[in-house]
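Working through the structure, step by step
This is what each chain is made of:
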There are 2 protein chains.
Amino acid sequence: MKVLVVGSMAYDSVETWAGKRERALGGSATYFSLASSLFAPTEVVAVVGDDFAASDLGRLRDRGVGLSGVKQVPGETFRWGGRYSRYFETRETLFTELNVFSSFQPEIPAGLRDAEVVFLANIHPRLQASVLDQMTAPKFVALDTMNFWISGERSHLEEVLGRVDLLMLNDEEAFALSGSGNLLQAAAAIRAKGPKAVVIKRGEHGAWLFTDEYTGLVPAVPLPEVIDPTGAGDTFAGGFIGYLARSGDFGLKKLKEAMVSGTLAASYCVQAFSVDRIESVDLSDLADRHEQLRDVICGLDASFDS
Amino acid sequence: MKVLVVGSMAYDSVETWAGKRERALGGSATYFSLASSLFAPTEVVAVVGDDFAASDLGRLRDRGVGLSGVKQVPGETFRWGGRYSRYFETRETLFTELNVFSSFQPEIPAGLRDAEVVFLANIHPRLQASVLDQMTAPKFVALDTMNFWISGERSHLEEVLGRVDLLMLNDEEAFALSGSGNLLQAAAAIRAKGPKAVVIKRGEHGAWLFTDEYTGLVPAVPLPEVIDPTGAGDTFAGGFIGYLARSGDFGLKKLKEAMVSGTLAASYCVQAFSVDRIESVDLSDLADRHEQLRDVICGLDASFDS
């Protein structure tokens with residue numbers, strides 16, 4: 001099945017213990033599509049400025065990502081700058097320049113409106129809704145959001161939540177959206193707002209999946225060193241959604257497998273700055289690391305006979 | 001095999017969202033022995049004051065815990081008071097009254113010196129060493145510690161670390177002891193100080209096991225509500241060490257299974273104040289929850305064939 005992602009393409013300036021990168025390729029749609037395209041044809045709808053390098057579009061095109069929905073307009077591309085503490089306990093935003101992204105009005109090209117799977121990356125919930133208005137009959141819609149919309153645009157957000165199959169967010173966002181600091185309570189409260197499934201991402205602590213019949217997690221792949229966690233959440237989403245789209249099946253079994261796929265993709269993302277590692281990952285890399293991840297889970301065969 | 005635990009017996013005053021308890025039975029040796037005795041004969045060495053209720057000793061005795069090493073002396077029992085935030089993000093210590101515990105000098109009764117498995121709960125590292133001096137030939141020694149000793153008594157702590165098989169501590173303590181905020185780096189640095197195995201407890205995020213040949217985790221059992229997390233770490237240790245002692249085997253396979261046992265025991269501990277739940281848990285409870293824990297792990301059968 002075809003995947004459509006609507007989100008940002010950006011240039012990031014990132015500082016971590018491992019060094020500094022200026023104007024590195026970033027943005028939610030960028031990370032997402034590089035991971036999703038490993039599994040399924042993936043189309044991006046986004047806006048970039050006239051400063052956006054043709055070579056950067058080429059990096060996506062090389063991975064088979066469809067760019068007919070990427071508009072290049074006069075002005076500068078969205079830019080974000082951030083600095084992480086030594087072990088990524090905290091992140092400081094140094095600047096956010098929306099630039100051409102500030103007037104982004106996603107228009108879905110006619111040829112992409114039949115995409116079966118839609119990922120609405122973190123943009124204004126009103127724009128997320130306008131994307132859904134343009135789609136003909138998506139089979140599975142997933143949505144990401146952030147605290148900015150949860151606190152500032154809650155009614156718009158709750159409206160669009162009623163129209164999606166899955167909400168993907170991090171734990172802080174889940175706590176803010178639900179009003180509960182208990183993960184299970186938070187997920188239940190969020191599912192009551194519409195999404196049948198909720199995925200709560202917890203960074204190095206792994207990710208949780210909640211549906212009406214299931215609660216479970218995938219631990220993060222333990223890494224001796226992280227280089228740059230920027231984009232890990234969107235890469236997780238891309239690995240997750242792409243896996244589902246490839247299978248064409250949105251049942252629980254596939255959702256659980258997709259959790260692993262997202263986890264593995266994200267684990268590669270954080271091992272380099274920007275998209276430097278994720279743009280060259282292939283399925284056999286994921287398969288290798290899947291073996292490692294299985295081994296990480298202790299003692300399934302413990303015995304408690306008296 | 002016989003388990004010996006040396007630690008505290010205490011009266012705790014605890015406040016959580018669920019209510020308030022005054023002078024509730026607590027202490028590391030108490031929690032540990034209630035869990036450990038599910039699996040193996042367990043003997044406590046501790047000190048209590050003359051205010052310690054015979055009925056509280058009876059609660060341990062009812063579970064088969066050996067109390068010949070518990071000394072009752074004039075004065076008050078160790079008391080601790082604490083208050084947790086609504087979702088247990090933070091814990092505030094309201095008071096610590098060492099009382100008779102301040103002059104605790106563990107003396108191991110002659111009949112207990114041959115215990116094969118020893119757990120040195122969180123006490124001064126010099127006292128932990130003095131316990132080892134009294135044992136004849138323990139086959140497996142595990143040790144817990146805390147930030148107070150890591151920052152204040154590092155040389156004594158490092159000395160005793162050279163004499164133990166396993167160190168069990170939480171993530172903050174591991175970061176403080178190792179100087180690294182990366183879990184894998186921290187564990188490697190700690191293992192270089194002596195213990196062949198390190199267990200790092202992360203509360204609701206589960207627990208990790210590190211040996212020379214293995215890195216892995218057990219997720220915590222997801223709970224819709226926690227009542228009181230006091231003692232969860234010591235209960236984990238009791239479930240872990242008791243499981244090992246029952247098997248009489250300290251190889252990697254059993255260490256991994258013991259991680260599950262500790263996790264399951266701790267999950268019961270936090271569902272009630274004090275030892276109210278853990279004192280009535282039986283092996284079939286653990287077996288039931290083990291089934292649940294297995295199911296919590298997502299997508300082991302995902303496929304990444306191209």
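Everything in this summary refers to the structure shown in the same document. (Residues numbered from 1 in each chain as written. Chains lettered and ligands numbered in written order. Predicted model: local features only at pLDDT ≥ 70, side-chain atom pairs only at ≥ 80, totals over all residues. Heavy atoms only, no water.)

1. What about the overall build of chain A?
Note the threshold: Think of it this way: any DSSP run of H or I at least four residues long counts as a helix, any run of E at least two long counts as a strand, and we number them from the N terminus. In this treatment the radius of gyration is a C-alpha quantity, and the globule benchmark scales as 2.2 Å times the residue count to the 0.38 power. Working definition: with a 1.4 Å probe on protein chains only, accessible area under 20% of the residue-type maximum means buried, over 50% means exposed, and in between means partly exposed. Throughout, a contact is declared for two residues whenever any of their heavy atoms are within 4.5 Å. All tallies of charge rest on Lys and Arg as positive and Asp and Glu as negative; His and the ends of each chain are not included. Where a charge lies is defined by one atom per residue type, namely NZ (Lys), CZ (Arg), CG (Asp) and CD (Glu).
Counting its regular elements, chain A contains ten helices and 13 strands. A globule of 306 residues ought to have a C-alpha radius of gyration of about 19 Å, and chain A, at 18 Å, matches this closely. Considering only C-alpha atoms, chain A reaches an extent of 75 × 40 × 35 Å along its principal axes. Looking at chain A residue by residue over its 306 residues, the buried ones come to 59%. By sequence separation, contacts in chain A at least 24 residues apart represent 64% of the contacts at least 6 residues apart. Positive and negative side-chain charges in chain A, numbering 29 and 41 respectively, have mean positions lying 2 Å apart.

2. Details of the packing of helix 8 (residues 232–247) of chain A against helix 9 (residues 252–269) of chain A
Residue and element names in this part refer to chain A. Basically, it comes down to this: To define axes, lines are fitted to C-alpha atoms, for helices over the stretch in contact only, and angles between the resulting N-to-C directions are given on a 0 to 180 degree scale. An angle below 35 degrees is treated as roughly parallel, one above 145 as roughly antiparallel, one from 65 to 115 as roughly perpendicular, and anything else as oblique. In this scheme, a crossing is called left-handed if the near helix is turned counterclockwise away from the far one by less than a right angle; it is called right-handed if the turn is clockwise. For this classification, Asp, Glu, Lys and Arg are treated as charged, while Ala, Val, Leu, Ile, Met, Phe, Trp, Tyr, Cys and Pro are nonpolar and the rest, including Gly, are polar.
Contact geometry for helix 8 and helix 9: axes closest at 7 Å, N-to-C directions at 140 degrees. With respect to their mutual orientation, helix 8 and helix 9 come out oblique. Relative to helix 9, helix 8 is oriented so that their crossing is right-handed. Contacts between helix 8 and helix 9 involve Ala-232, Thr-235, Phe-236, Gly-239, Phe-240, Tyr-243, Leu-244 and Ser-247 on the former and, on the latter, Lys-254, Leu-255, Glu-257, Ala-258, Met-259, Ser-261, Gly-262, Thr-263, Ala-265, Ala-266 and Cys-269. The residue inventory of the contact of helix 8 with helix 9, partitioned by class, reads eleven nonpolar, six polar and two charged.

3. Structural notes on the sheet that holds strand 12 (residues 207–210) of chain A
Residues and elements named next belong to chain A. The criterion, for reference: A pair of strands is treated as paired once DSSP finds two or more bridges between them.
Pairing in this open sheet of nine strands is mixed, and the strands run 5-4-1-8-9-10-11-12-13 from one edge to the other. A strand with exactly one partner marks an edge of an open sheet, and here the two such strands are strand 5 (66–73) and strand 13 (215–218). Strand-to-strand, the axes of this sheet are offset by a mean angle of 15 degrees, without reference to chain direction. By the bridge criterion, six bridges tie strand 4 (residues 42–49) to strand 5 in an arrangement that is parallel. Looking across to strand 5, one finds that Gly-49 is bridged to Val-73. Docked against the sheet, helix 7 (residues 183–191) engages strand 10 (166–170), strand 11 (197–201), strand 12 and strand 13, running at close to 140 degrees with respect to strand 11.

4. Some thoughts on the pairing of strand 3 (residues 19–26) of chain A
Residues and elements named next belong to chain A. Pairing of strand 2 (residues 10–16) with strand 3, which is carried by six bridges, proceeds in the antiparallel orientation. The partner of Tyr-11 across the bridge, within strand 3, is Leu-25. Where strand 2 folds back on strand 3, the antiparallel hairpin that results is connected by two residues.

5. Things to note about the pattern of salt bridges
The cut-off we apply is this: Only one rule defines a salt bridge in this text: a Lys or Arg side-chain nitrogen within 4 Å of an Asp or Glu carboxyl oxygen.
If you walk through the whole model with that rule in mind, you get 44 salt bridges over all chains. With a shortest N-O distance of 2.8 Å, Lys-193 of chain A and Glu-158 of chain A are connected by a salt bridge. In this pair, Lys-193 of chain A sits in the loop between helix 7 and strand 11 while Glu-158 of chain A sits in helix 5 (residues 154–161), placing the two residues 35 residues apart along the sequence. Of the charged contacts, one joins Arg-83 of chain B and Glu-92 of chain B as a salt bridge, the two residues approaching to 3.1 Å between their closest N and O atoms. Arg-83 of chain B gets classed as partly exposed once you look at its relative accessible area, which sits at 34%. For Glu-92 of chain B, a relative accessible area of 41% puts it in the partly exposed group. Linked by salt bridges that have partners in common, Arg-21, Asp-56, Arg-59, Asp-276 and Glu-279 of chain A make up one network.

6. Topic: the interface of chain B and chain A
Rules: What gets called buried area is simply the loss in accessible area from a 1.4 Å probe that two parts show on being joined, summed for both. Two N or O atoms form a polar contact when they lie within 3.5 Å of each other; inside protein one atom must be a possible hydrogen donor and the other a possible acceptor, and for residues adjacent in sequence the pair counts only when both atoms belong to side chains.
In this complex, chain B contributes 51 residues to the contact, which on the side of chain A involves 51 residues. Across the interface of chain B and chain A, roughly 4,200 Å² is buried in total on both sides, 59% from carbon and sulfur atoms. Between chain B and chain A we count four salt bridges in total. One can count 27 residue pairs in polar contact (both at pLDDT 80 or more) joining chain B with chain A. Tallied by class, residues from the side of chain B that touches chain A come to 26 nonpolar, 13 polar and twelve charged.

7. Thoughts on the relation of the copies chain B and chain A
We apply this condition: Copy-to-copy superposition: least squares on the C-alpha atoms, limited to residues that have pLDDT of at least 70 in both copies.
For these two chains of identical sequence, chain B goes onto chain A by a turn of 180 degrees and a shift of 0.0 Å along the axis, with RMSD 0.0 Å. Seen this way, the second copy is the image of the first under a two-fold rotation axis. Closest approach to the rotation axis within chain B is made by the C-alpha atom of His-205 of chain B, at a distance of 3.1 Å. Mapped onto chain A, 100% of the interface residues of chain B again fall at the interface, so both copies present the same surface.

8. Examining the packing of aromatic side chains
Formally: Only the six-membered ring of Trp is used, alongside the rings of Phe and Tyr, when aromatic pairs are assigned; centres must lie within 6.5 Å, and planes under 30 degrees apart are stacked while those over 60 apart are edge-to-face, with the rest tilted. To sit over a ring, a charge needs its Lys NZ or Arg CZ within 6 Å of the ring centre and within 35 degrees of the ring normal.
Taken as a whole and assessed by the stated rule, the structure comprises 24 aromatic pairs over all chains. Taking 5.5 Å as the distance between ring centres and 20 degrees as the angle between the ring planes, the aromatic pair formed by Phe-101 of chain A and Phe-104 of chain A counts as stacked. When sorted by exposure, Phe-101 of chain A lands in the same class as Phe-104 of chain A, which is buried. One aromatic cluster is present, formed by Phe-39 and Tyr-243 of chain A together with Phe-304 of chain B through successive ring pairs. Of note, Lys-256 of chain A hangs over the ring of Tyr-214 of chain A, and the distance from its end group to the ring centre comes to 4.3 Å. The ring of Tyr-268 of chain A has Arg-289 of chain A lying over it, and the distance from NZ or CZ to the ring centre is 3.8 Å.

9. Comments concerning the packing of helix 1 (residues 28–36) of chain B against helix 8 (residues 232–247) of chain B
How two helices sit against one another is set out by the angle between their axes and by the gap between those axes. Residue and element names in this part refer to chain B. For the pair helix 1 and helix 8, interaxial distance at closest approach is 7 Å and the crossing angle is 40 degrees. The element helix 1 and its partner helix 8 pack so that their crossing is right-handed. Of the residues in helix 8, those in contact with Ser-28, Tyr-31, Phe-32, Ala-35 and Ser-36 of helix 1 are Asp-234, Thr-235, Ala-237, Gly-238, Gly-239, Ile-241 and Gly-242. For the contact of helix 1 with helix 8, a count of residues per class yields five nonpolar, six polar and one charged.

10. Thoughts on the environment of Asp-295 of chain B
Residue placement: Asp-295 of chain B occurs in helix 10 (residues 283–295). With residues near it in sequence (within four places) discarded, Asp-295 of chain B still touches Tyr-214 and Lys-256 of chain A.

11. Remarks on unusual backbone geometry
All names here are of chain B. You will see that Phe-88, though not glycine, has its phi angle at about 65 degrees, which is positive. Mapped onto the fold, Phe-88 is located in the loop between strand 6 (78–84) and strand 7 (91–97). Residue Phe-88 is classed as partly exposed on the basis of its relative accessible area, which comes to 22%. Here Asn-99, not a glycine, exhibits a phi torsion of approximately 50 degrees, which is positive. The topology assignment puts Asn-99 in the loop between strand 7 and strand 8 (117–120).

12. Things to note about the environment of Met-1 of chain B
Residue and element names in this part refer to chain B. Of note, Met-1 is situated in the segment before strand 1 (3–6). A C-alpha to C-alpha distance of 21 Å links Met-1 and Ser-28, two positions 27 residues apart in sequence. If near-sequence neighbours (up to four positions away) are discounted, Met-1 is found in contact with Ala-40, Pro-41, Glu-116, Val-117, Lys-139, Ala-245, Gly-248 and Phe-250.

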